[in-house]
Amino acid sequence: MKIATQHLAWANEKFVDALTVLNDEDLLLSPGEGEWTVGDHLAHIGGALEWFRYILNRSQWTDIHAPKSIDELKKLGMYLNQLGAELVAESEKSASEIIEFEDERGPHKTTRPVVLAQAALHSAEHKVEIVTILRAHKRLRLDLEPFDVWHSPFAEAAK
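Rules used in this analysis
- Residues numbered from 1 in each chain as written.
- Predicted model: local features only at pLDDT ≥ 70, side-chain atom pairs only at ≥ 80, totals over all residues.
- Heavy atoms only, no water.
- Phe/Tyr/Trp six-rings, centres within 6.5 Å; stacked < 30°, edge-to-face > 60°.
- Helix = DSSP H or I, 4+ residues; strand = E, 2+ residues; numbered from the N terminus.
- Expected span 1.5 Å × (residues − 1).
- Buried < 20%, exposed > 50% of the residue type's maximum accessible area, 1.4 Å probe, protein only.
- Contact = heavy atoms within 4.5 Å.
- Core = buried A, V, L, I, M, F, W, Y, C linked by side-chain atoms within 4.5 Å.
- Pairing = 2+ DSSP bridges.

Draft legend 1. Up close: the packing of aromatic side chains. In this structure the tally under the stated criterion is five aromatic pairs. On the numbers, 5.6 Å between centres and 80 degrees between planes, the contact of W51 with W61 is edge-to-face. Placement of the pair is W51 in helix α2 (residues 38–57) and W61 in the loop between α2 and α3 (70–91), with a sequence separation of ten residues. Aromatic pair Y54 and W61: ring centres 4.7 Å apart, planes at 85 degrees, arrangement edge-to-face.

Here's what the structure looks like:
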């Protein structure tokens, strides 16, 4: 799980960096009226990472707001980097420990790898939504391939 979590943190950092070429107004784009904006998806990625961190170590989460400017996006990016580092640290703990938490569906028991896998998958899902919104509005044609594990520093086995 450590490599997957390191990749999650790396990909989030690279993705946010790629978005800094946008204009402030681009963060307000959505697929349609009443649907989540680019900024909403970015805030949700951060909020979800806080939630996964909470499940794992009971750290409190904050009220992350959707960035409305590129400066706010950069600040959120720095926070996502911090959350990523904390999740990497969590990946180094016992994989067999039973983790208990409660959400809107009730109480759950799971393991650390399940939570970390969901963190990675969830972030990727919202990146796809962001890319789709930006393409639909002809603002930025961002290819997600450069953010996959094969482009990361974690793909090659140590020699």
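Let's pick the thread back up.
Draft legend 2. Inspection of helix α1 (residues 2–19) at higher detail. Between its first and last C-alpha atoms α1 spans 26 Å; for 18 residues at 1.5 Å apiece the expected length is 26 Å, and the two agree. Looking only at α1, the buried set comprises T5, H7, L8, A9, W10, A11, N12, F15, V16 and L19. Looking at the packing, one finds that the buried side of α1 touches α2, α3 and α4 (112–136).

Draft legend 3. Representation of the nonpolar core within the structure. The biggest cluster of nonpolar side chains holds 39 residues, and the ones touching the most others in it are F15, L19, V38, L42, L49, I130 and L134. No other element matches the nine residues that α2 contributes to this core. The residues touching L49, leaving out its near neighbours within four places in the chain, are L8, N12, L80, L83, L87, A119 and S123.

Draft legend 4. Up close: unusual backbone geometry. We note that R58 has phi near 65 degrees; this positive angle belongs to a residue other than glycine. When you line up the elements, R58 lands in the loop between α2 and α3. In this model, K138 sits at a positive phi of 55 degrees, which is unusual for a non-glycine residue. As for its placement among the helices and strands, K138 is situated in the segment after α4. Given a relative accessible area of 72%, K138 falls into the exposed group.

Draft legend 5. Just the pairing of strand β2 (residues 106–111), in detail. Pairing between strand β1 (residues 98–103) and β2: six bridges, direction antiparallel. In the strand pairing of β2, E100 is matched with K109. Linkage of β1 to β2, two consecutive antiparallel strands, is achieved through a turn of two residues.

Draft legend 6. Structural view of the environment of E100. For E100, the position within the fold is in strand β1. For the pair E100 and E156, spaced 56 residues apart in sequence, the C-alpha to C-alpha distance is 34 Å. Contact partners of E100, with chain neighbours within four places excluded, come to R58, H108 and K109.

Nothing here speaks to function; it is geometry throughout.
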